[in-house]
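Secondary and tertiary structure notes
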Amino acid sequence: MAVRAVVIEADGGSRGNPGPAGYGAVVRDPETGEVLAERSESIGTATNNVAEYRGLIAGLEAAAELGAAEVEARMDSKLVVEQMCGRWQIKHPGLRPLAAQAAGLVGRFTAVRFTWVPRDRNRHADALANAAMDAAASGVAPEAKAEAREAAVVRATGTDPATTPASWEPRPTEEATRLILVRHGETERTVQKHYSGRGDVPLTERGRAQARATAARVAALAPSVAAVVSSPLSRCTATAEAIAAQVGNPPVRTDDDLIECDFGVWEGHTFAEVRERWAAELDAWLASTRVAPPKGESFVTVAERTGRAVDRLRSAYPGETVVVVSHVSPIKLVLRDALAAGDAFLHRLYLDTAGISVLDLYPDGGVAVRSVNDTSHLTDV
């Protein structure tokens, strides 16, 4: 049955730019939000922009198949939106055929409007694209791709009540894996408000005092701790060792996936210094989690590895409590995903040194965030 108007949500990306790439597109009823069609595909090795155009094309093709007359295409790619609106030139020769194909499809509709949206308003298409990228990178079977795609959408949108009960519903009888997330204690760079990523900066004297106070607080929160897992940087391992000494001395295990974001050439600089010297790069980084600082690492990449770390802990310690000592960026990203929040969350949440956050991960995939940035133990430090 033909529909008069639809909304397309489209996205695409690659692991490496260029790298294993994929796209996702969703077609919705603009009044009810009902999903009328989904499209996603792994497209081999390509750039982010190529994958984003492929997502738009797939969405337009799906809308045409539905017989739509009017389309609003929503994307978090400023480049594609501006180029399709004719406000930006298409300088890259590899994008011109794709833009021409998209323009040809636009001509099949009575009206088409292109709208830029923040990434957190494009989560469904983004999840489809990420599942396609994962499949491109791993070469999994088609049926596994479908399962991964469905799981990614559920994680991103929280739309499956069978596996993600509302917070007021009774939890299953199975015990959750509890993660006690701890940011490391104070360092000179945190005091000076410098970007502090991979540089191995030790705790200050106050930072060591914070670690001891945090250890006492964790011991009060968790009578039994199965493991203490830490970023390999010394500011975290020192904090982790203080905690381990208070909770029965389990060995401190390091996990490279919990290390701080690599801030590249910004390492050791203040925000004001970065603004002065790398203004355009900073604006791009603040606008998109896919953008990395020069010679650094994007938040998308950090989220991928912290997600792996969390999945390993959930699998290795079912029903047990694990203390995780890490940094601002990894902890924020874990909390963002746990709360099904958008990327704006990363710039609005403040995490103090030695702050504690607690979340429960249930066997059915449910998540309960118990506390965020608890600093009550630091009042006398």
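See the structure above.
My aim in this report is to walk through the structure given alongside it, one point at a time. (Residues numbered from 1 in each chain as written. Predicted model: local features only at pLDDT ≥ 70, side-chain atom pairs only at ≥ 80, totals over all residues. Heavy atoms only, no water.)

A closer look at the pairing of strand S4 (residues 70–75)
Where strand S1 (residues 5–14) and S4 come together, 6 bridges link them in parallel fashion. When the bridges of S4 are listed, Ala10 appears paired with Met75. Two elements, S4 and strand S5 (residues 111–116), share 6 bridges in a ladder whose sense is parallel. Paired with Ala73 across the strands is Phe114, a residue of S5. (Pairing = 2+ DSSP bridges. Helix = DSSP H or I, 4+ residues; strand = E, 2+ residues; numbered from the N terminus.)

Looking at the environment of Ser376
Relative to the helices and strands, Ser376 resides in the segment after strand S11 (367–374). When its relative accessible area of 45% is taken as the criterion, Ser376 is described as partly exposed. Distance in space between the C-alpha atoms of Ser376 and Thr214 is 9.5 Å, their sequence separation being 162 residues. A distance of 2.8 Å separates a polar atom in the side chain of Ser376 from a polar atom in the side chain of Asp374. (Buried < 20%, exposed > 50% of the residue type's maximum accessible area, 1.4 Å probe, protein only. Polar contact = N/O pair within 3.5 Å; in protein donor to acceptor, adjacent residues only side chain to side chain.)

What to know about unusual backbone geometry
Even without being a glycine, Ala340 presents a positive backbone phi close to 50°. One non-glycine residue, Ala354, lies in positive phi territory at about 65°. Within the secondary structure, Ala354 sits in the loop between helix H13 (344–348) and strand S10 (356–361). Under the relative-accessibility criterion, Ala354 is labelled buried at 0%.

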